[in-house]
Amino acid sequence: AQKITQTQPGMFVQEKEAVTLDCTYDTSDPSYGLFWYKQPSSGEMIFLIYQGSYDQQNATEGRYSLNFQKARKSANLVISASQLGDSAMYFCAMRVAGNQFYFGTGTSLTVIP
Amino acid sequence: NAGVTQTPKFRILKIGQSMTLQCTQDMNHNYMYWYRQDPGMGLKLIYYSVGAGITDKGEVPNGYNVSRSTTEDFPLRLELAAPSQTSVYFCASSYHADQPQHFGDGTRLSIL
């Protein structure tokens, strides 16, 4: 069975500090993709970062990086230098064979001034 | 560019009624998706399409139907609405399965 797990319902971080949001996944497909999306309180879904299962290096996009540990089946999101605008829900998602997508239940991040 | 446009933004239905949620994208994306998001939960895939004339089921397809007659449009049909279908529905599109998905603003649907 395909599964995405986010075990942190809520996280707090001080402004300008770094924070790690956890994501573990379970699939038997050799080829898969991992995504992180941000959902502010306004409700829209915003793409942050992508990691392919065959990518050798961890993905980075500006202040976002993905700590991909294939053997442990984890794909944690690291946000550096947190900003007040980073306060939002963050969802980890997985694409498996047949273009099926699975989302985790999300982590609510609050950045404290 | 408008991106992904969903209509309506809000709708209240009575049990047993039917309706179509509209989704249009102007980015010439081949891949289109319909998700539902229940309160406090992540998104669940209802149906997806990899091109005009091709659709396939996602994780939670029961009670829904889709069609893809053009690249731009991917409507979602609810037949015989049930309270369990109360949710926020998101349409999304992408160039490829491993490319970022662009989401619409969502449709908040209540079935009473």
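Placed above this text is the structure.
Below, the structure is looked at part by part. Along each chain, residues carry numbers from 1 onward, in the same order as the chain's sequence is written. Chains and ligands are labelled by the order in which they are written, letters from A for the one and numbers from 1 for the other. Confidence filtering applies because this is a predicted model: local features only for residues at pLDDT of at least 70, side-chain atom pairs given and counted only at 80 or more, and all residues used for totals across whole chains, interfaces and linings. To obtain the side-chain values, all non-hydrogen atoms of the structure were included, while hydrogens and water were left out.

**Some points on the environment of A:Leu84**
Residue and element names in this part refer to chain A.
- Following the sequence through the fold, Leu 84 ends up in the loop between β9 (74–79) and β10 (88–96).
- Using a 1.4 Å probe on the protein chains alone, a residue whose accessible area is under 20% of its type maximum counts as buried, one over 50% counts as exposed, and one in between counts as partly exposed. Classification of Leu 84 as partly exposed rests on a relative accessible area of 43%.
- Between the C-alpha atom of Leu 84 and that of Glu 15, which follows or precedes it by 69 residues, the distance is 6.6 Å.
- We call two residues contacting when some pair of their heavy atoms lies within 4.5 Å. Leaving out residues up to four positions away in the same chain, Leu 84 has contacts with Glu 15, Val 111, Ile 112 and Pro 113. Elements are defined by DSSP. Helices are runs of H or I of four residues or more, strands are runs of E of two residues or more, and each kind is numbered from the N terminus.

**Topic: the nonpolar core**
- Among buried residues, the Ala, Val, Leu, Ile, Met, Phe, Trp, Tyr and Cys ones that are joined through side-chain atoms within 4.5 Å form a nonpolar core. Counting residues in each nonpolar core, the largest one holds 26 residues, and the members touching the most others are A:Trp36, A:Leu77 and A:Tyr90.
- Elements supplying a minimum of two residues to this core: β3 (19–21), β5 (33–39), β6 (46–52), β8 (64–69), β9, β10 and β12 (107–112) of chain A.
- If one sorts the elements of this core by residue count, β10(A) sits on top with five residues.
- Not counting residues up to four positions away in its chain, the partners in contact with A:Tyr90 are A:Gln6, A:Leu21, A:Trp36, A:Tyr37, A:Lys38, A:Leu48, A:Leu77, A:Ile79, A:Gly106, A:Thr107 and A:Leu109.
- In this structure, B:Met19, B:Ala81, B:Cys91 and B:Ile111 belong to the second largest nonpolar core, which totals 20 residues.

**Here's the deal with the interface of chain B and chain A**
- Between chain B and chain A, the residue contacts involve 21 residues of the former and 18 residues of the latter.
- Across the chain B to chain A interface the summed buried area is about 1600 Å²; carbon plus sulfur atoms make up 56%.
- When the area that chain B buries against chain A is broken down by residue, the three leading residues are B:Leu43, B:Asp98 and B:Phe103, summing to 29%.
- For salt bridges, the criterion is a side-chain nitrogen of Lys or Arg within 4 Å of an Asp or Glu carboxyl oxygen. The tally of links between chain B and chain A comes to one salt bridge.
- Between A:Arg95 and B:Asp98 there is a salt bridge, and its shortest N-O distance comes to 2.8 Å.
- Each polar contact in these results corresponds to two N or O atoms within 3.5 Å; when the atoms are within protein, one needs to be able to donate a hydrogen and the other to accept it, and residues that are neighboring in sequence are counted only if both atoms are side-chain atoms. Scanning the region where chain B abuts chain A turns up five residue pairs in polar contact (both at pLDDT 80 or more).
- The set of elements that each furnish at least two residues to the side of chain B that touches chain A consists of β4 (31–37) and β5 (43–51) of chain B.
- Each residue receives one of three labels: charged for Asp, Glu, Lys and Arg, nonpolar for Ala, Val, Leu, Ile, Met, Phe, Trp, Tyr, Cys and Pro, and polar for the others, Gly being one of them. When grouped by side-chain class, the residues that make up the side of chain B that touches chain A number twelve nonpolar, six polar and three charged. Reported buried area values correspond to the accessible surface (1.4 Å probe) lost by two parts on association, with both partners' losses combined.

**Description of the sheet that holds strand β3 (residues 19–25) of chain B**
Residue and element names in this part refer to chain B.
- Taken together, four strands build an open sheet; the order of strands is β1-β3-β8-β7 and the sheet is antiparallel. One side of each edge strand has no neighbouring strand; the edge strands of this open sheet are β1 (4–7) and β7 (64–66). Each strand of the sheet is rotated relative to its neighbour by a mean of 20 degrees, with strand direction disregarded. We call two strands paired when DSSP finds no fewer than two bridges between them. Between N-to-C directions, angles span 0 to 180 degrees; the directions come from axes that are lines fitted to C-alpha atoms, helices contributing only their stretch in contact.

**Some words on the pairing of strand β9 (residues 87–94) of chain B**
Residues and elements named next belong to chain B.
- Of all eight residues making up β9, eight are buried, and the element is well covered by its neighbours.
- The alternating pattern of β9 places Ser 87, Tyr 89, Cys 91 and Ser 93 and Val 88, Phe 90, Ala 92 and Ser 94 on opposite faces, both of which are buried.
- Summarising the sheet, β4 and β9 pair through seven bridges and their orientation is antiparallel. Across the sheet, the residue bridging to Met 32 is Ser 93, located in β9.
- As judged from the three bridges shared by β9 and strand β11 (residues 107–111), these two strands associate in the antiparallel manner.

**Quick word on the pairing of β5(A)**
All names here are of chain A.
- With seven of seven residues buried, β5 lies mostly within the body of the structure.
- Where burial is concerned, the two faces of β5 agree: the one with Gly 33, Phe 35, Tyr 37 and Gln 39 and the one with Leu 34, Trp 36 and Lys 38 are both buried.
- Of the pairings in the sheet, the one linking β5 to β6 comprises six bridges and is antiparallel in character. From the neighbouring strand, Tyr 37 faces β6, where its bridge partner is Phe 47.
- Taking the residues that link successive antiparallel strands as the turn, the β5-β6 hairpin has six residues, and the phi of Gly 43 there is positive, at about 105 degrees.
- Pairing of β5 with β10, which is carried by seven bridges, proceeds in the antiparallel orientation. When the bridges of β10 are listed, Tyr 37 appears paired with Phe 91.

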